[in-house]
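Residues per chain are reported as follows:
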Amino acid sequence: MEVVDFWVRSWTSDDLVAARKVLTPDVEVEWNLDAPVDDEELLQVLHRIAAFADGIRVAARTEALDGATLIYDLTAPFGTARLVEFLGIEDSRIIEIRHVYDVVAIDRYFPDLYKN
């Protein structure tokens, strides 16, 4: 799916202006971090990951007709955390994003990632 490729390429290279282009204005966003989330907060956290991580690698990817699931390895200076991302796609735009973070590893290797 081109939209998934574009999304991954955009946020992992810290091009959030491009990433926003594939999000619908009313994109539904959820995550398991202990903080409220909307598309703006999500993009801020993705920016922090892209800026701080030594590397971001898609470890696995599964596509369906209406979306995709991606597993990322987020390599930090002292270790690696995982992120699972569920994307809902409609008309080549992302209508839904669900993030499940390895919270223990995120707190250890990406401290203060989701604090305002």
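Remember, predicted model here, so these are calculated numbers, not experimental data. (Residues numbered from 1 in each chain as written. Predicted model: local features only at pLDDT ≥ 70, side-chain atom pairs only at ≥ 80, totals over all residues. Heavy atoms only, no water.)

1. Some thoughts on the nonpolar core
In this structure, Trp7, Trp11, Ile49, Ile94, Tyr101 and Phe110 are the most contacted members of the largest nonpolar core, which totals 38 residues. At the level of elements, helix H1 (2-12), helix H2 (16-21), strand S1 (23-31), helix H3 (39-52), strand S3 (67-76), strand S4 (79-90), strand S5 (93-101) and helix H4 (103-109) are the ones that each hand at least two residues to this core. In this structure, Trp7 is in contact with Ala19, Val22, Leu23, Leu43, Leu46, Tyr72, Glu85, Leu87, Ile94 and Ile97, ignoring residues within four places of it in sequence. (Core = buried A, V, L, I, M, F, W, Y, C linked by side-chain atoms within 4.5 Å. Buried < 20%, exposed > 50% of the residue type's maximum accessible area, 1.4 Å probe, protein only. Helix = DSSP H or I, 4+ residues; strand = E, 2+ residues; numbered from the N terminus. Contact = heavy atoms within 4.5 Å.)

2. Thoughts on the pattern of salt bridges
Going through the model one piece at a time under the given rule, you end up with nine salt bridges. Taking the shortest distance from any N to any O, the salt bridge between Asp5 and Arg61 comes out at 2.6 Å. You can see Asp5 sitting in helix H1 and its partner Arg61 sitting in strand S2 (residues 55-64), a full 56 residues away along the chain. With a shortest N-O distance of 2.8 Å, Arg98 and Glu28 are connected by a salt bridge. Of the two residues, Arg98 sits in strand S5 while Glu28 sits in strand S1, which places them 70 residues apart along the sequence. (Salt bridge = Lys/Arg side-chain N within 4 Å of Asp/Glu carboxyl O.)

3. Here's the deal with H1
Since the α-helix advances by 3.6 residues per turn, residues separated by three or four positions end up pointing in the same direction. Turning to H1, its buried residues are Val3, Val4, Trp7, Val8, Ser10 and Trp11. Projected down its long axis, H1 shows its buried positions confined to an angular sector of 170°, all on one face. Turned more than 90 degrees off the buried face of H1, the exposed positions are Glu2 and Arg9. (Arc of directions from axis to C-beta.)

4. Brief notes about the side chain of Thr24
Along the chain, the position of Thr24 falls in strand S1. Overall, the relative accessible area of 12% leaves Thr24 in the buried class. Among residues more than four places away in sequence, those in contact with Thr24 are Arg93, Ile94 and Ile95.

5. As for the packing of H1 against H3
It is the contact of H1 with H3, at a shortest axis distance of 9 Å, that shows an interaxial angle of 65°. Touching Trp7, Trp11 and Thr12 of H1 are Leu43, Leu46, Ile49 and Ala50, all from H3. When the residues that make up the contact of H1 with H3 are grouped by side-chain class, the tally is six nonpolar, one polar and no charged. (Axes fitted to C-alpha atoms, helices over the stretch in contact; angles between N-to-C directions. Nonpolar A, V, L, I, M, F, W, Y, C, P; charged D, E, K, R; others polar.)

6. Describing the sheet that holds S4
Strand order in the open sheet formed by five strands is S1-S5-S4-S3-S2, and the pairing between neighbours is mixed. The open sheet has two edge strands with one neighbour each: S1 and S2. In this sheet, adjacent strand axes meet at a mean angle of 20° when their direction is disregarded. Across nine bridges, the pairing between S2 and S3 is antiparallel. Opposite Glu63, over in S3, you have Ala68 as the bridge partner. Sitting on the sheet, H3 is in contact with S1, S2, S3 and S5, with an inclination near 70° to S1. (Pairing = 2+ DSSP bridges.)

Geometric descriptors of this kind do not, in isolation, establish any biological role.
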